[in-house]
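Spelled out from the first residue to the last, the chains are:
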Amino acid sequence: KINNSGRILLEQIDDVLNVNIFDNSPILLRKEPYTFKQFCEHVSLMTRPQAGKKNASFTIDSAAAPSGTMLIDKVRFSRIFFTLLSNAVKFTPIKGKVELHIVELNHKDDISLCRFTVKDNGIGMSEEFLTRLKKFFASDPQSADDEFRSEIMGLWTVKRLTDAMGGTISVESQFGQGTTFTLDFDIQMCGDYSSSITPEGEINLSALTGKHVLICE
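Here goes a summary of the coordinates provided.

What counts and how
- Residues numbered from 1 in each chain as written.
- Predicted model: local features only at pLDDT ≥ 70, side-chain atom pairs only at ≥ 80, totals over all residues.
- Heavy atoms only, no water.
- Helix = DSSP H or I, 4+ residues; strand = E, 2+ residues; numbered from the N terminus.
- Buried < 20%, exposed > 50% of the residue type's maximum accessible area, 1.4 Å probe, protein only.
- Contact = heavy atoms within 4.5 Å.
- Axes fitted to C-alpha atoms, helices over the stretch in contact; angles between N-to-C directions.
- Parallel < 35°, antiparallel > 145°, perpendicular 65-115°, else oblique.
- Left-handed = near helix turned anticlockwise from the far one by under 90°.
- Nonpolar A, V, L, I, M, F, W, Y, C, P; charged D, E, K, R; others polar.
- Expected span 1.5 Å × (residues − 1).
- Salt bridge = Lys/Arg side-chain N within 4 Å of Asp/Glu carboxyl O.
- Pairing = 2+ DSSP bridges.
- Phe/Tyr/Trp six-rings, centres within 6.5 Å; stacked < 30°, edge-to-face > 60°.
- Polar contact = N/O pair within 3.5 Å; in protein donor to acceptor, adjacent residues only side chain to side chain.

### Remarks on the overall build of the protein
Part 1: Secondary structure assignment for the protein yields six helices and seven strands.
Part 2: Each helix and strand of the protein, placed in order from N terminus to C terminus, yields the pattern α-β-α-β-β-α-β-β-α-α-α-β-β.
Part 3: Residues classed as buried in the protein amount to 41% of the 217 residues present.
Part 4: When contacts within the protein are restricted to residue pairs at least 6 apart in sequence, those whose partners lie at least 24 apart make up 72%.

See the structure below:
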């Protein structure tokens, strides 16, 4: 788990250096299998230490999440939530509370409509800032002026990645009481790969018994 999370973190660092994230160039996605269990484990490993430094609680409610496997760009997808949760912890007081909720709203064929909610009881946002942020989330991220973009660089990246993955993001906040981000994604599912993956994340080759494999170099 730690090795996999470390790999994702290193790939995210490389991704930050990729100018495609910060300009008008299309973001190229690399989809691969990613179970909800793995996603929750990675998010937890990255967020709990930060929350622990402030003696804040961090909980993940995934009881209503799909049990299968996503086909998604795991680095970019994880980065969205690492950023939101890191901000949530940052602006949450000592012994505060940060939550991640995952709910499947609909499932048709191999597409699962999932809602992810990041909630905290931190300092919240002023009404003026919240109005500007809502307007930003409802528009093209390139429309933000340079001054506002510099204030919300992390959220600007979150918006860009969410758009690239076909998702939507909205925000509600009350000054002094906390903030809630809501993200909806139509996620392509690819069955249950859990039986093919060992706890160390290595492929169990016995799962390929009887299968035909085409290797191209």
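### Some words on the packing of helix 3 (residues 74–90) against helix 6 (residues 153–164)
Part 1: Axis separation between helix 3 and helix 6 bottoms out at 10 Å; the angle between their running directions is 150°. In terms of orientation, helix 3 and helix 6 fall into the roughly antiparallel class. In the crossing of helix 3 with helix 6, the sense of the turn from one axis to the other is left-handed. Contact residues: Arg76, Arg79, Ile80, Thr83, Leu84 and Asn87 in helix 3; Gly154, Leu155, Thr157, Val158, Leu161 and Thr162 in helix 6.
Part 2: For the contact of helix 3 with helix 6, the residue count by class is five nonpolar, five polar and two charged.

### Here we look at helix 3
Residues lying three or four places apart along an α-helix face the same way, a consequence of the helix completing one turn every 3.6 residues.
Part 1: Here helix 3 spans 24 Å end to end across 17 residues, near enough to the 24 Å set by a 1.5 Å rise per residue.
Part 2: With 14 of 17 residues buried, helix 3 lies mostly within the body of the structure.

### Structural notes on the pattern of salt bridges
Part 1: Going through the model one piece at a time under the given rule, you end up with six salt bridges.
Part 2: Two residues, Glu32 and Arg30, come together in a salt bridge whose shortest N-O distance is 3.7 Å.
Part 3: Residue Arg30 is classed as partly exposed on the basis of its relative accessible area, which comes to 49%.
Part 4: For Arg76, the salt bridge is made with Asp73, and the minimal N-O distance between the two is 3.3 Å.
Part 5: Exposure remark for Arg76: the relative accessible area of 8% places this residue in the buried category.
Part 6: According to the relative accessible area criterion, Asp73 is buried, its value standing at 5%.

### Observations concerning the sheet that holds strand 4 (residues 97–108)
Hydrogen bonds between backbone groups are what pair the strands of a sheet, and the pairing can be parallel or antiparallel.
Part 1: With mixed pairing, the five strands of this open sheet are ordered in space as 2-4-5-7-6. On the outer flanks of this sheet lie strand 2 (57–64) and strand 6 (168–174), each paired with one strand and no other. Between one strand axis and the next, the sheet turns by 15° as a mean value, whatever way the strands run.
Part 2: Bridge count for strand 4 against strand 5 (residues 111–120) is ten bridges, and the pairing is antiparallel. The residue bridging Asn106 from the neighbouring strand is Leu113, located in strand 5.
Part 3: Sitting on the sheet, helix 2 (residues 36–53) touches strand 2, strand 4, strand 5 and strand 7 (178–188), and the angle it makes with strand 2 is about 165°.
Part 4: Here helix 4 (residues 127–137) sits on the sheet in contact with strand 6 and strand 7, set at roughly 170° to strand 6.

### A word on the packing of aromatic side chains
Part 1: Evaluation of the coordinates by the stated rule reveals twelve aromatic pairs.
Part 2: Between Phe39 and Phe116 the ring centres are 6.0 Å apart and the planes differ by 85°, which places this aromatic pair in the edge-to-face class. Taken as a pair, Phe39 in helix 2 and Phe116 in strand 5 lie far apart in primary sequence, 77 residues in all. Of the two residues examined, Phe39 and Phe116, each falls in the buried class.

### Details of the environment of His107
Part 1: The topology assignment puts His107 in strand 4.
Part 2: On the accessibility criterion, His107 (40% relative accessible area) is partly exposed.
Part 3: Each C-alpha atom of the pair His107 and Pro66 lies 9.1 Å from the other, and the pair is 41 residues apart in sequence.
Part 4: Ignoring any residue separated from it by four or fewer positions in sequence, one finds His107 in contact with Ser112 and Met189.
Part 5: A distance of 2.7 Å separates the side chain of His107 from the side chain of Glu104, its partner in a polar contact.
Part 6: Among the polar contacts listed, one links the side chain of His107 to the backbone oxygen of Asp109, at a separation of 3.1 Å.

### Observations regarding the pairing of strand 4
Part 1: By the bridge criterion, six bridges tie strand 2 to strand 4 in an arrangement that is parallel. Bridge pairing links Thr59 to Glu99 in strand 4.
Part 2: Between strand 4 and strand 5, which pair antiparallel one after the other, the connecting turn spans two residues, and Asp109 there sits at a positive phi close to 55°.

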